Amino acid sequence: MVNLGDVFPDFQVETSHGPMKFHEFIDGTWAILFSHPADYTPVCTTELGRVAHLEGEFKKRGVKMAALSCDDVESHKGWIKDIQDYSKLKGDFPYPIIADPKRELAVLLGMVDPDEKDAKGLPLTCRAVFIIGPDKKLKLSILYPATTGRNFDEVLRVIDSLQLTATKKVATPVEWKSGGSCMVLPSISQEEAPKIFPKGVEVKEMPSGKKYMRFTPQP
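Reading guide: rules and limits
Residues numbered from 1 in each chain as written. Predicted model: local features only at pLDDT ≥ 70, side-chain atom pairs only at ≥ 80, totals over all residues. Heavy atoms only, no water. UniProt positions renumbered as here; feature names shortened; annotations may be inferred. Helix = DSSP H or I, 4+ residues; strand = E, 2+ residues; numbered from the N terminus. Pairing = 2+ DSSP bridges. Axes fitted to C-alpha atoms, helices over the stretch in contact; angles between N-to-C directions. Parallel < 35°, antiparallel > 145°, perpendicular 65-115°, else oblique. Contact = heavy atoms within 4.5 Å. Nonpolar A, V, L, I, M, F, W, Y, C, P; charged D, E, K, R; others polar. Expected span 1.5 Å × (residues − 1). Buried < 20%, exposed > 50% of the residue type's maximum accessible area, 1.4 Å probe, protein only.

Peer 1: An account of the UniProt feature "active site" (unreviewed entry) in the protein is requested, with residue identities and associated values reported.
Peer 2: UniProt records the feature "active site" (unreviewed entry) at Cys44, using the numbering of this structure. Tracing the backbone through its elements, the reader meets Cys44 in helix 2 (residues 42-53).

Following this line, the structure appears as structure tokens:
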């Protein structure tokens, strides 16, 4: 298992786009690695097609994309044709799908779903999402069961928050979207806040009298 803040493991694998060394693939950018249970399955087909359609949004944020499942490269290449047909995609598929037929990465990264097995009775990968920063450290991880498809618009929202809070002394509140008000970190004193946030700080009065609900326009 990889914990938040850990350097994400480096690995050398085969993909639908050819050989990959993961740290070289990241190469100082943000990256998202997301796993799916198996090729030629319904929910996965919808997910990978949606990510392909969102390529421009990920690229705008400087995020490289890679998928992974416990299938081999030839399986990935054949399945990509189905994904493109279902999602009405043209041209080259925009991101690599990593082959992990021996389940070595799935085990290393804690992505095995014990309740979902293939025809041979071997466990499949769950629907994991890992977001890795330019420093190669894990910034976020989410694990979904095989039966639940992901919302990649939410993943983009999370990336917006991660990239903002990596450089600004703010946190993002519930259902925050880029451009919305942010919250001042509790570690910043009342005296420091106006200097750090020249656009102003609004304090929401609470019954406790504690002034911890502090909002500021997005820096």
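Peer 1: How would you sum up the pairing of strand 9 (residues 138-144)? Please name residues and give values.
Peer 2: Pairing analysis gives six bridges linking strand 8 (residues 127-132) to strand 9, with the strands arranged antiparallel. Note that in strand 9 the partner of Val129 across the bridge is Ile142. Connecting the antiparallel pair strand 8 and strand 9 is a turn made up of five residues, with Lys136 showing a positive phi of about 70°.

Peer 1: Talk me through the packing of helix 2 against helix 4 (residues 73-87); I want residue IDs and the actual numbers.
Peer 2: Across the interface, helix 2 lies against helix 4 with an axial gap of 9 Å and an inter-helix angle of 70°. Relative to helix 4, the element helix 2 is oriented roughly perpendicular. For the pair formed by helix 2 and helix 4, the contact residues are Cys44, Thr45, Thr46, Leu48, Gly49 and His53 on the first element and Trp79, Ile83, Tyr86 and Ser87 on the second. Across the contact of helix 2 with helix 4, the residue classes break down as five nonpolar, five polar and no charged.

Peer 1: Can you lay out helix 2 for me, pointing to particular residues and giving the numbers?
Peer 2: Helix length check: helix 2 (12 residues) gives 17 Å between terminal C-alpha atoms against 16 Å at 1.5 Å per residue, within 8%. Those residues of helix 2 lying buried are Cys44, Thr45, Glu47, Leu48, Gly49, Val51 and Ala52.

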